[in-house]
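Commentary on secondary and tertiary structure
Residue-level listing of the chains:
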Amino acid sequence: MTGRLTLTFDNGPTPGVTEGVLDALRERDLPATFFVVGSWLDSPGIRELAERVHAEGHWLGNHTYTHGVPLGRRGDRAVEVGEIALTQESLGDLAHPDKFFRPNGAGSVGHHLLSQDAADYLAENGFTVVMWDLYVRDPHEPDLWADRALARLDEREWNVLVTHDVPTGAMDHLPRFLDTVLDAGIEIVQELPEHATPLLRGQPTAALNDIVTTA
Ligand SMILES: [Zn+2]
């Protein structure tokens, strides 16, 4: 098999889980990106863990402040902007300079992910929206995601995988998954493919329309 894979981890960092993810990545000298829920950063021990993520060369992005109702279904500009802005402020210097934002929406890609107000705010403030190719239901089927992801790696030349560094047990399968991918000859990279960034440093592409609510 050939191709590239970009690893992304959402909804953490989580004490007792993210350390193991970081160890597995460090042992294999692999880079990744972590999308953080902003309100979580104020809990004890979380910021220290986010700082370790950053110190080990991984990228951090914004995954809303509360991970509540998807931004395309809020209908309140101030709330939507707050979800983005508060998290970015809380991340501070830990955030990637390209201001990565990943909308939440239970894995499915569609118009529920962003409102027009949220998309406008992200564009005006130079954000990069980071999507995913492979959502493998790891929060719901923690023992099945790795094989599911491996079976889907040939879907495109360059895939972005999303899994979640939360306490489901799913991350116990990460070392085996990584070794299998590397043995298969797939390159694990930190960069993002163009198709995964419908908004890049504030510049929208046509694909952005696919994830914005139609009025
Ligand atoms: Zn999420």
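Under an unreviewed UniProt entry, the name given to the protein chain is Putative polysaccharide deacetylase, and the organism recorded is Gordonia amarae NBRC 15530.

Attention now moves to the UniProt feature "domain: NodB homology" (unreviewed entry) in the protein chain. This chain's UniProt record puts "domain: NodB homology" (unreviewed entry) on residues 3-189. Annotated as 33% helix and 17% strand, the span residues 3-189 places its first and last C-alpha atoms 10 Å apart.

Around the zinc ion, the protein contributes the donor atoms N11 (OD1), H63 (NE2) and H67 (NE2), which lie 2.0 to 2.2 Å from the metal centre. We note that the donor set of the zinc ion lies within a single chain, spaced as N-x51-H-x3-H. Of this pair, N11 sits in the loop between β1 (4-10) and α1 (18-27) while H63 sits in the loop between β3 (59-62) and α3 (77-91), and the two are 52 residues apart along the sequence.

What follows concerns the nonpolar core. Of all hydrophobic cores here, the largest spans 36 residues; its most connected members are L7, W145 and F177. Of all the elements in the fold, those that place two or more residues in this core are β1, α1, β2 (33-36), α2 (46-55), α5 (145-152) and α6 (174-183). Other than its neighbours up to four places away in sequence, W145 contacts V136, D138, L161, T163, A170, M171, H173, L174 and F177. Counting residues in hydrophobic clusters, the runner-up holds 20 residues, among them F101, A118, A119 and L122.

Turning our eyes to something else, we now look at helix α4 (residues 116-124). Along an α-helix, residues three or four apart share an orientation, since each turn contains 3.6 residues. Looking only at α4, the buried set comprises A118, A119, Y121 and L122. Along the axis of α4, the buried positions cluster into a sector of 160°, meaning they face one direction only. In this fold, the buried residues of α4 make contact with α3, β4 (100-101), β5 (128-129) and β9 (199-200). Where α4 ends, the next residue or the one after it, G126, has phi of about 75°, a positive value.

Reading the values: rules and limits
- Residues numbered from 1 in each chain as written.
- Predicted model: local features only at pLDDT ≥ 70, side-chain atom pairs only at ≥ 80, totals over all residues.
- Heavy atoms only, no water.
- UniProt positions renumbered as here; feature names shortened; annotations may be inferred.
- Helix = DSSP H or I, 4+ residues; strand = E, 2+ residues; numbered from the N terminus.
- Donors = N, O, S within 2.8 Å, 3.2 Å for Na, K, Ca; no water.
- Core = buried A, V, L, I, M, F, W, Y, C linked by side-chain atoms within 4.5 Å.
- Buried < 20%, exposed > 50% of the residue type's maximum accessible area, 1.4 Å probe, protein only.
- Contact = heavy atoms within 4.5 Å.
- Arc of directions from axis to C-beta.

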